[in-house]
Amino acid sequence: MAEELNPAVSDLAADAAGPETETEEPIKQRKNGLYPGVSDELAENMKSGWADTELRDLEPIAQAAETAARRAALSARFPGERLVIPAGNLKTRSNDTEYSFRASVEYAYLTGNQTEDGVLVLEPRGEGHTATIYLLPRSNRENGEFWLNGQGELWVGRRHSLTEAEKLYGIPASDVRELADALREATGPVRVVRGYDAGIEAALADKVTAERDEELRVFLSEARLVKDEFEIGELQKAVDSTVRGFEDVVKVLDKAEATSERYIEGTFFLRARVEGNDVGYGSICAAGPHACTLHWVRNDGPVRSGDLLLLDAGVETHTYYTADVTRTLPINGRYSELQKKIYDAVYDAQEAGIAAVKPGAKYRDFHDASQRVLAERLVEWGLVEGPVERVLELGLQRRWTLHGTGHMLGMDVHDCAAARVESYVDGTLEPGMVLTVEPGLYFQADDLTVPEEYRGIGVRIEDDILVTADGNRNLSAGLPRRSDEVEEWMAALKG
């Protein structure tokens with residue numbers, strides 16, 4: 001990584017910037033930088049001799065019509081109120097390096113923009129609102145920011161101009177550096193999505209209340225419960241890439257055996273970065289007894305022939321929609337008799353759960369259907385005393401099933417989390433909803449209540465299910481689920 005210059009001090013920033021920008025913060029000098037400063041001659045030289053790079057033939061982003069419709073729905077819900085939705089700021093990872101930026105879901109959902117420091121503001125106008133997207137403009141070439149500042153475009157890449165942004169997002173764009181002062185002087189009711197931009201929240205501190213702001217956050221979460229056609233298409237893209245990522249992993253299981261679970265993680269990550277934006281969450285590459293840890297993301301354990309690999313992973317698209325798929329695979333390509341028995345029980349539970357996903361059904365129905373099958377098997381195997389109704393009433397199966405059987409899916413892997421309980425977990429399924437169905441059985445390595453041969457076996461099967469007008473569609477059907485089909489699929493991939 002190149003060492004940042006950042007040598008210029010306040011004199012350079014003020015002298016070069018001119019009267020319009022002399023209030024800008026000076027460019028800070030790096031304490032241990034190799035250049036002590038910038039000569040007047042170099043500063044002047046760097047101002048000129050650059051080609052015009054304005055992009056004039058831009059087309060609106062693919063989801064521009066959808067983001068406009070989402071803003072219209074938001075406007076209708078909060079008439080007469082100023083609405084402020086920030087993207088968020090960069091977060092420091094260590095010293096002067098930052099984490100990769102991911103814009104807030106609320107902001108990206110309403111704009112399609114993904115750049116740090118952006119803010120969407122809906123100003124009340126008549127019976128509706130006027131939207132403005134506030135962004136950082138291109139790096140300043142007069143004051144040297146573009147090459148001296150660590151976030152200048154010669155360091156981190158070119159930003160879109162405000163004119164370009166207007167063309168891309170279909171929203172008037174303004175300089176975000178002027179927004180905080182404007183918000184401080186604003187009058188009338190205001191709501192802000194909290195937790196992303198401390199500066200914006202500070203500017204509104206005397207104008208907002210936690211209760212009203214929470215209503216805004218809840219509305220934006222519930223708005224995502226039913227996906228539009230663009231979103232469904234993006235989720236299918238994410239799933240399709242995820243299927244290919246699982247195929248990649250199967251092909252290199254021998255290399256994982258020679259190294260560790262990290263080889264599996266890295267293999268899937270490559271597919272995610274080549275075909276998408278990132279992984280949608282930390283990949284769970286859990287071999288052997290690690291499969292009994294629900295969110296095993298350390299991925300530093302051994303991969304052994306004869307054990308199972310629980311791979312829970314998802315590619316995130318460039319528009320932030322993520323898949324969430326799990327398969328539990330025999331590392332040597334063949335399930336043992338006991339592994340198959342446990343796997344088939346989970347498969348049957350998932351089949352029952354998927355069958356319960358349909359419009360008009362209660363959201364809880366798929367969970368209840370899956371849990372009943374698992375409880376029946378646990379009673380049948382003598383691991384818990386029946387009858388099944390008693391087991392379910394007391395939740396005794398949860399010692400080995402542990403988690404809920406699924407969740408909403410979208411721009412967050414656990415999407416719509418702020419929605420009201422009556423709209424989500426106590427709600428009714430509608431066409432356009434996308435959820436996971438993911439039952440599991442986990443026999444911990446230290447569980448003395450089960451026979452020794454069960455201990456250390458964990459199985460989960462997870463698919464991404466779209467509620468349709470007449471039932472459901474399994475978006476991840478491209479990955480085999482039945483135990484014999486999994487074995488055949490693995491054998492074919494290994495050649």
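Residues numbered from 1 in each chain as written. Predicted model: local features only at pLDDT ≥ 70, side-chain atom pairs only at ≥ 80, totals over all residues. Heavy atoms only, no water.

Draft legend 1. Focus on the overall build of the chain. When you go through the chain residue by residue, the secondary structure sums to 18 helices and 17 strands. The proportion of buried residues among the 495 residues of the chain is 51%. Long-range pairs, those at least 24 residues apart, make up 69% of the contacts in the chain with a sequence separation of at least 6. The positive charge centre, built from 55 side chains, and the negative charge centre, built from 88, are 3 Å apart in the chain. (Helix = DSSP H or I, 4+ residues; strand = E, 2+ residues; numbered from the N terminus. Buried < 20%, exposed > 50% of the residue type's maximum accessible area, 1.4 Å probe, protein only. Contact = heavy atoms within 4.5 Å. Lys, Arg positive; Asp, Glu negative; His and termini not counted. Charge placed at Lys NZ, Arg CZ, Asp CG, Glu CD.)

Draft legend 2. Representation of the UniProt feature "domain: Aminopeptidase P N-terminal" (unreviewed entry) in the chain in the model. Summarizing the sequence annotation, UniProt attributes the feature "domain: Aminopeptidase P N-terminal" (unreviewed entry) to residues 62–201 in the numbering used throughout. From the first C-alpha to the last, residues 62–201 spans 31 Å; its make-up is 34% helix and 22% strand. (UniProt positions renumbered as here; feature names shortened; annotations may be inferred.)

Draft legend 3. Spotlight on the pattern of salt bridges. Considering all chains together, one arrives at 37 salt bridges under this definition. Its salt-bridge partner being K47, residue E44 comes within 3.4 Å of it at the nearest N-O pair. The class of K47 is partly exposed, set by a relative accessible area of 21%. With its nearest N and O atoms 3.1 Å apart, the salt bridge here joins R138 to E153. Taken together, the positions of R138 in the loop between β5 (128–135) and α5 (145–148) and E153 in helix α6 (residues 153–156) put the pair 15 residues apart, joining distant regions of the chain. For E153, a relative accessible area of 10% gives the class buried. The network of salt bridges with common partners includes E81, R191, R212 and E215. (Salt bridge = Lys/Arg side-chain N within 4 Å of Asp/Glu carboxyl O.)

Draft legend 4. Layout of the packing of helix α11 (residues 229–251) against helix α13 (residues 261–275). Where α11 contacts α13, the two axes come as close as 9 Å, and the packing angle between them is 145°. In this structure, the crossing between α11 and α13 has a hand that is right-handed. Facing S241, T242, R244, G245, F246, D248 and V249 of α11, the residues of α13 in contact are I264, T267, F268, R271 and E275. Of the residues that constitute the contact of α11 with α13, the class distribution is four nonpolar, four polar and four charged. (Axes fitted to C-alpha atoms, helices over the stretch in contact; angles between N-to-C directions. Left-handed = near helix turned anticlockwise from the far one by under 90°. Nonpolar A, V, L, I, M, F, W, Y, C, P; charged D, E, K, R; others polar.)

Draft legend 5. Molecular detail of the packing of α11 against helix α18 (residues 483–494). It is the contact of α11 with α18, at a shortest axis distance of 9 Å, that shows an interaxial angle of 70°. It follows that α11 is roughly perpendicular to α18 by the angle criterion. The two elements α11 and α18 meet at a crossing, and its hand is right-handed. Each of F246, E247, V250 and K251 in α11 lies in contact with α18, whose residues at this interface are W489, M490, L493 and K494. (Parallel < 35°, antiparallel > 145°, perpendicular 65-115°, else oblique.)

Draft legend 6. Just the pairing of strand β15 (residues 457–460), in detail. Side chains I457 and V459 of β15 all project onto a buried face; the interleaved residues G458 and R460 project onto the opposite face, where all are buried too. One ladder, built from four bridges, connects strand β14 (residues 440–443) with β15; its direction is antiparallel. Looking across to β15, one finds that L441 is bridged to V459. (Pairing = 2+ DSSP bridges.)

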